[in-house]
Amino acid sequence: MKTLWLLRHVKSSWDEPGLADRERPLAPRGRRAAERIAEHLRTKGIHPDVVLCSAAVRARETLEIVL
C-alpha cells in the first residue's frame, strides 16, 4: 500500500513586505519548526520516494531542512 504525506511550508518571513509572495523566505520560527518536523520524520523512519514541491522559496527551504 502506498502512503501520501502532505506537508505545508512552515512560517515564512514578512520582514520585507515588498517581496513577491513566491520570494518570501522562512522566518526563524519556521526554520525551528522545520527542524522539529525533520526530527519527527527521522524518528518515525519516514523517507519519501517522490517529492513534489512548489518553486516558492519558503517551500524549497522547508524541503531542504526536512529532507
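My aim in this report is to walk through the structure given alongside it, one point at a time. Quantities reported herein were computed from a predicted structural model and do not represent experimental measurements.

Procedures and definitions
- Residues numbered from 1 in each chain as written.
- Predicted model: local features only at pLDDT ≥ 70, side-chain atom pairs only at ≥ 80, totals over all residues.
- Heavy atoms only, no water.
- Salt bridge = Lys/Arg side-chain N within 4 Å of Asp/Glu carboxyl O.
- Helix = DSSP H or I, 4+ residues; strand = E, 2+ residues; numbered from the N terminus.
- Buried < 20%, exposed > 50% of the residue type's maximum accessible area, 1.4 Å probe, protein only.
- Patch = residues over 30% accessible without salt bridge, like charges linked within 9 Å, V, L, I, M, F, W, Y side chains within 5 Å.
- Areas by Shrake-Rupley, 256 points an atom, 1.4 Å probe, with all protein chains shown as cover.
- Lys, Arg positive; Asp, Glu negative; His and termini not counted.
- Charge placed at Lys NZ, Arg CZ, Asp CG, Glu CD.
- Polar contact = N/O pair within 3.5 Å; in protein donor to acceptor, adjacent residues only side chain to side chain.
- Contact = heavy atoms within 4.5 Å.

This next bit is on the pattern of salt bridges. This structure, assessed with the given rule, holds four salt bridges. For D21, the salt bridge goes to R58, with nearest N and O atoms at 3.2 Å. Here R58 lies in helix α2 (residues 57-66) and D21 lies in the segment before α1 (28-44), a separation of 37 residues in the sequence. Linking E61 and R31 is a salt bridge whose minimum nitrogen-to-oxygen distance equals 3.6 Å. Here E61, found in helix α2, pairs with R31, found in helix α1; they are 30 residues apart in sequence, far enough to count as distant. By relative accessible area, which is 18% here, E61 ends up buried. Taken together, the shared-partner salt bridges in this structure form one network comprising D21, R24 and R58.

Together, K11, R29, R32 and R36 make up a positively charged patch on the protein surface. By the secondary structure assignment, R32 is in helix α1.

If you trace the backbone, S13 turns up in the segment before α1. S13 gets classed as buried once you look at its relative accessible area, which sits at 9%. Side-chain polar atoms of S13 contact the backbone nitrogen of D15, separated by 3.1 Å. Look past the residues within four positions of S13 in its chain and what remains in contact with it is R24, P25, L26 and A27.

A few words now on the side chain of R24. Note on placement: R24 falls in the segment before α1. The class for R24 is buried, based on a relative accessible area of 6%. A polar contact is formed between the side chain of R24 and the side chain of S12, at a distance of 2.6 Å.

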